[in-house]
Amino acid sequence: MTYDLSQPAALMAALLPDLLLMGGAMALALLAAWRPASDAHQRLVGQGTLVVLATSLVSVILAALRGGEATAGVIAVDGFRWAVDAVILLAAMGTVALNIEQQPRDGIRHAESHVLVGLAASGMMVLAAARDLMVIFLGIEIMSVAIYALVGLNRRSARSAEASLKYFLLGAFATGFLLYGIALIYGATGQTQLGSISAAIARHALALDPMLMVGIGLLIIGFGFKVAAVPFHMWAPDVYDGATTPIAGFMAAGVKAAAFATLLRILYEAFYLVGLWIEPLAWVAVVTMIVGNLVALSQRDIKRMLAYSGIVHTGYLLVAAVAATDLASTVFTFYMLGYTLATLGAFAIVGVVQRDGEGGAPLAAYAGLWSTRPWLAVGMSVFLLAFLGFPVFGGLGFFGKWYLLSAAIDAPGRLVVLSIIVVLTSVISAGYYLPVIRAMFMEPRAEGATSPAPTGALTRVVLIVSAGLILVCGLLPSSLATIALRNGFAPHAIPDEVRATGAGLLR
Amino acid sequence: MDNTFHPLFYGFHFYLFGLIAIASAILFVTRKSPVAAALWLINVMFCLAVLYVMLDAQFIGAIQVLVYAGAIMVVFLFVVMLLNLGQPDDLADIRGTGPRLAAGAVGLAILAEVMVLARSRIQGEYAPAAAVELLVPAADAVGGVIAPVAGPLFREHLLAFELTSILLLAAIVGAVVIGKKQGPADAR
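Residues numbered from 1 in each chain as written. Chains lettered and ligands numbered in written order. Predicted model: local features only at pLDDT ≥ 70, side-chain atom pairs only at ≥ 80, totals over all residues. Heavy atoms only, no water.

### A look at the overall build of chain B
Going by this rule: Going along the chain from the N terminus, every DSSP run of H or I of four or more residues is numbered as a helix, and every run of E of two or more is numbered as a strand. Burial classification: accessible surface area is computed with a 1.4 Å probe over protein chains only, and a residue below 20% of its type maximum counts as buried, one above 50% as exposed, and the rest as partly exposed. The contact criterion used is simple: two residues touch if any of their non-hydrogen atoms lie within 4.5 Å. To be clear on the numbers: accessible area is Shrake-Rupley with a 1.4 Å probe, and residue cover counts the displayed protein chains and nothing else.
Per the secondary structure count, chain B includes seven helices and zero strands. Across the 188 residues of chain B, 24% fall into the buried class. Partitioning the contacts of chain B with sequence separation of at least 6, the portion at a separation of at least 24 is 68%. A total of about 12100 Å² of accessible surface is found on chain B, and carbon and sulfur atoms cover 74% of it.

Here is the structure:
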């Protein structure tokens, strides 16, 4: 069926999962304010949020099965949107489940935090769907504003306040770049809808227009901040460190998935006739992979290490963006699913091992974890190996990287240099993932070290589901890849002469 | 009621809202509580919006309410509340039964007047007032300048318009969570 987006009813039908989530979040905001803050109340609101997110996920799956397409308009109705929505909703559900059990341990009683996760997820879903620069900007802001508040939830922690302020100020700064970029693109083309922008570029031969170039550059900087690409990554370690652990996981998984999906859509739908973004983006990918990996090597705190590892994965995903073939979006969703599951799981374990009311997550706390909590050690190993892209035990992570590399090699222009850097930096990343595993299995437990607090039921579910999905999907990658292939969105082929303008590193 | 221009009617409202605006502005700079001062400032904005509408600049009036009385004042109030400058007791400038009844009566009177004006303006042919036409020659027909603005806002940009309200909701929930006084157990 075709959605005629000029009709409000069809627009609502096309936005049904998003509207369900937004409406649910509003109802939950009322529920959260109904009673004074208490542990029982935040648990109730959290469970309500889980139900709302699950409802939205069901409607996403139904919409994906039903298929359909939309007329040109402000939002897209395609498989890519549904796939990204599913990843976002999975991340949000995991976050809320972990948050319900983590909040009492951190001494946080706000029930509104779950509402904010729901609102942030609705902003991300808007981003996954958006096909208009105005809607994209609003989606980014809905997501970011909710996350600014979530980072600052722990009012008694100076680190949390620092993280929140840092993220807010830098985020506002990055928003300025983004908005200015959007304004310049509008100035150059007179359009805000992605399809109309590319049409205007073709009609008026704007591919080398300086105002458009500057606009695209500012846009990429704005997104570079949101996905934590080097050199716009400075905030990530401090903010992950200061935020509560589930929120840090949410930022690493959900924000990245949503911002990247939007960036891909903008680049492939609006700017496929402009070749000049390819080369700088390739350089950003290289710098991100190298710097992220090298700095991660020197981290002694697991949360900061995971933050740098998130930066590294941004670099890998940028390689997919640079490849810019019709496989790129498929590879992106496939990779993002594995990365999201591993991130959720790893941050869940960090939360469990972390002692109550303590900010940091030193590597030393993991020494000898195998002897006290063997399943936690096994789970953490699966997640770290998935990050690393290890075969079999890393499950989905291995195939994510495999497909990424094949997309890069098969891309017209053959991204050989980029592929080599992906492989080399993956080898370096073993230098910080494997020591954690060695510490858990081979080092003795420190004298007098207490066993981590018992794992809550919801946390256990999150761990089992994410580890299980990583391993099972790792055994059946081709069936998942078939689904992902159906859910890629076919970008316009970048003409060869356009691709040639982005030469250099791509040769 | 016919729709011709009544100089007396027009002049009465001009002075009424002009005086309210001046009085509110004086109250705004003399209040001790920052929250009360901010609320009086909103009152000034509303009165100015009424004056704009009387000049047939409906759009500027609406924007005055949306941007100044809405967005910017909300930001002011957020900052004031987040800094915890105002004590809740100082918030109300109107205390006691008498003043409250008086305030309610004024509100009802203004509401009734707005409804009467709205009825008389929507029905029938609208004859532009001579005095107004000199000031705003571009304003045409019933909607003034509203229709060209409302069309795109509620058709092409409907989604963006609605998303803005979600954005504001997220901002409000976030600000309340961060600004809320914590319970005794969490007192800092």
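There is more to say, and it comes next.
### Structural notes on the pattern of salt bridges
Think of it this way: side chains of opposite charge can pair up when their charged atoms draw near. All names here are of chain A. Heads up, the condition is: Whenever Lys or Arg places a side-chain nitrogen within 4 Å of a carboxyl oxygen from Asp or Glu, that contact is recorded as a salt bridge.
Considering all chains together, one arrives at eleven salt bridges over all chains under this definition. Between Asp-241 and Arg-159 there is a salt bridge whose closest N-O contact spans 3.2 Å. Here Asp-241 is found in helix 10 (residues 235-242), whereas its partner Arg-159 is found in helix 7 (residues 158-189), with 82 residues between them in sequence. The buried category is assigned to Asp-241, whose relative accessible area is 12%. Close ionic contact of Asp-241 with Arg-304 constitutes a salt bridge, the shortest N to O distance being 3.6 Å. Placement of Asp-241 in helix 10 and of Arg-304 in helix 13 (residues 302-323) is noted, with a sequence separation of 63 residues between them. Through salt bridges that share partners, Arg-159, Glu-162, Lys-166, Asp-238, Asp-241 and Arg-304 make up one connected network.

### Observations regarding the interface of chain B and chain A
Worth spelling out the cut-off: When two components associate, each loses some accessible surface as probed by a 1.4 Å sphere; the sum of these losses over both components is called the buried area. Side-chain atoms alone can form a polar contact between residues adjacent in sequence; in general such a contact is a pair of N or O atoms within 3.5 Å, and within protein one must be able to donate a hydrogen while the other accepts it. Under the grouping applied here, Gly and all other residues not named as nonpolar or charged are polar, the nonpolar ones being Ala, Val, Leu, Ile, Met, Phe, Trp, Tyr, Cys and Pro and the charged ones Asp, Glu, Lys and Arg.
Across the boundary between the two partners, chain B contributes 21 residues, which contact 26 residues of chain A. Taken together, the two surfaces of chain B and chain A that pack against each other cover about 2400 Å², and 76% of this comes from carbon and sulfur. Applying the counting criterion to the chain B and chain A interface returns zero salt bridges. The interface formed by chain B and chain A contains zero residue pairs in polar contact (both at pLDDT 80 or more). Classifying every residue of the side of chain B that touches chain A gives twelve nonpolar, five polar and four charged.

### Description of the packing of helix 12 (residues 278-297) of chain A against helix 18 (residues 416-442) of chain A
For any two helices packed against each other, one specifies the inter-axial angle together with the distance between the axes. Residue and element names in this part refer to chain A. Rule in force here: The axes used here are C-alpha line fits, helices contributing only the stretch in contact, and every angle between their N-to-C directions lies in the interval 0 to 180 degrees. Note on angle classes: values under 35 degrees are labelled roughly parallel, values over 145 roughly antiparallel, values of 65 to 115 roughly perpendicular, and the remainder oblique. Note on convention: near helix rotated counterclockwise from far helix by under a right angle means a left-handed crossing. Clockwise means right-handed.
Running from N to C, helix 12 and helix 18 point in directions that differ by 15 degrees, and their axes come no closer than 9 Å. Judged by the angle between their axes, helix 12 and helix 18 are roughly parallel. Crossing geometry of helix 12 relative to helix 18 is assigned as left-handed. In contact with Ala-282, Val-286, Met-289, Ile-290, Asn-293, Leu-294, Ala-296 and Leu-297 of helix 12, helix 18 contributes Leu-418, Ile-421, Val-422, Thr-425, Ile-428, Ser-429, Gly-431 and Tyr-432. Partitioned by chemical class, the residues of the contact of helix 12 with helix 18 number twelve nonpolar, four polar and no charged.

### Comments concerning the packing of helix 14 (residues 328-353) of chain A against helix 17 (residues 396-410) of chain A
Residues and elements named next belong to chain A. Two numbers describe how helix 14 lies on helix 17: the axes approach to 9 Å, and their chain directions differ by 155 degrees. The angle between the axes of helix 14 and helix 17 places the two elements in the roughly antiparallel class. Note on packing geometry: the crossing formed by helix 14 with helix 17 is left-handed. In this structure, helix 14 contributes Val-331, Phe-334, Tyr-335, Leu-337, Gly-338 and Leu-341 to the contact, and helix 17 contributes Leu-396, Phe-399, Gly-400, Lys-401, Tyr-403, Leu-404 and Ala-407. Residues belonging to the contact of helix 14 with helix 17 are distributed by class as follows: ten nonpolar, two polar and one charged.

### Comments concerning the packing of aromatic side chains
Residue and element names in this part refer to chain A. As a reminder of what qualifies: Paired rings are identified among Phe, Tyr and Trp, the last through its six-membered ring, by centres lying within 6.5 Å, and are further divided according to the angle between planes into stacked (under 30 degrees), edge-to-face (over 60) and tilted (the rest).
Enumeration according to the criterion identifies 20 aromatic pairs over all chains in this entry. Aromatic side chains Phe-225 and Trp-235 sit 5.1 Å apart centroid to centroid with 40 degrees between the ring planes, which places their arrangement in the tilted category. Taken together, the residues span a long stretch of sequence, with Phe-225 in helix 9 (residues 210-226) and Trp-235 in helix 10 at a distance of ten residues. For the pair shown, Phe-225 and Trp-235 are each scored as buried.

### Some thoughts on helix 1 (residues 7-30) of chain B
Heads up, the condition is: How far a helix is expected to stretch is found by multiplying one less than its residue total by 1.5 Å.
Under the 1.5 Å per step criterion, the end-to-end length of helix 1 of chain B is 34 Å for 24 residues, consistent within 8% with the ideal 34 Å. Three or more residues of helix 1 of chain B are buried, namely B:Gly11, B:His13, B:Phe17, B:Gly18, B:Ala21 and B:Ser24.

### Re helix 19 (residues 457-475) of chain A
Residues and elements named next belong to chain A. Note the cut-off: Working note: the arc is built from the helix axis to C-beta atom directions.
The end-to-end C-alpha distance of helix 19 is 27 Å, a good match for the 27 Å that 19 residues give at a rise of 1.5 Å each. Within helix 19 the residues assigned to the buried category are Thr-459, Val-462, Leu-463, Ser-466, Ala-467, Ile-470, Cys-473 and Gly-474. One face of helix 19 carries all of its buried residues, which in axial projection span an arc of 145 degrees. Exposed residues lying more than 90 degrees from the buried face of helix 19 are Ala-457, Ile-464 and Leu-475.

### Brief notes about a nonpolar patch on the surface
Residues and elements named next belong to chain B. The condition that has to hold: Two distance rules govern patches: like charges are joined within 9 Å, and nonpolar side chains (Val, Leu, Ile, Met, Phe, Trp, Tyr) within 5 Å, applied only to residues with over 30% relative accessible area and no salt bridge.
A cluster of nonpolar side chains, contributed by Ile-63, Leu-66, Val-67, Tyr-68, Ile-72 and Phe-76, occupies part of the molecular surface with about 500 Å² of accessible area. Mapped onto the secondary structure, Ile-72 falls in helix 3 (residues 58-82). On the basis of relative accessibility, which here comes to 35%, the residue Ile-72 falls in the partly exposed class.

### Side note on unusual backbone geometry
A cis amide bond, omega 5 degrees, links A:Val230 with the succeeding residue A:Pro231. Within the secondary structure, A:Pro231 sits in the loop between helix 9 and helix 10. Located in the positive-phi region is A:Ala228, a residue other than glycine, with phi close to 60 degrees. The residue B:Asp56 is not glycine, and still its phi comes out positive at about 65 degrees. Within the secondary structure, B:Asp56 is located in the loop between helix 2 (34-54) and helix 3.

### Some remarks on the nonpolar core
To be explicit about the condition: Here, nonpolar core means buried Ala, Val, Leu, Ile, Met, Phe, Trp, Tyr and Cys residues that are tied together by side-chain atoms lying within 4.5 Å of each other.
In this structure, A:Met251, A:Phe271 and A:Trp277 are the most contacted members of the largest nonpolar core, which totals 196 residues. Among all residues touching A:Met251, those that are not within four sequence positions of it are A:Ile147, A:Val151, A:Tyr167, A:Trp235, A:Val239, A:Tyr240 and A:Lys256. Judged by nonpolar contacts, the second largest core, of ten residues, contains B:Leu41, B:Ile42, B:Ala69 and B:Val80.

### Section: the confidence of the model for chain A
Defined as follows: Note on scores: pLDDT gives the predictor's confidence for each residue, bounded by 0 and 100.
Scored by pLDDT, chain A has a mean of 87; 94% of the residues are at 70 or more. Averaged pLDDT values for the elements of chain A fall to 63 in helix 21 (residues 496-501) of chain A and rise to 95 in helix 5 (residues 112-129) of chain A.

### Some thoughts on the side chain of A:His233
Residues and elements named next belong to chain A. For His-233, the position within the fold is in the loop between helix 9 and helix 10. Take His-233: its relative accessible area is 6%, and that puts it in the buried class. Excluding anything up to four places from it in sequence, His-233 contacts Ala-228, Tyr-308 and Ile-311.

### Describing the confidence of the model for chain B
Residue and element names in this part refer to chain B. In this model, chain B carries a mean pLDDT of 75, and residues with pLDDT of at least 70 account for 71%. In this model, residues 122-142 is a region of pLDDT below 50 whose contacts with residues beyond four sequence positions or in other chains number 17 contacts. Both scores are available for the predicted complex, with the pTM at 0.82 and the ipTM at 0.88.

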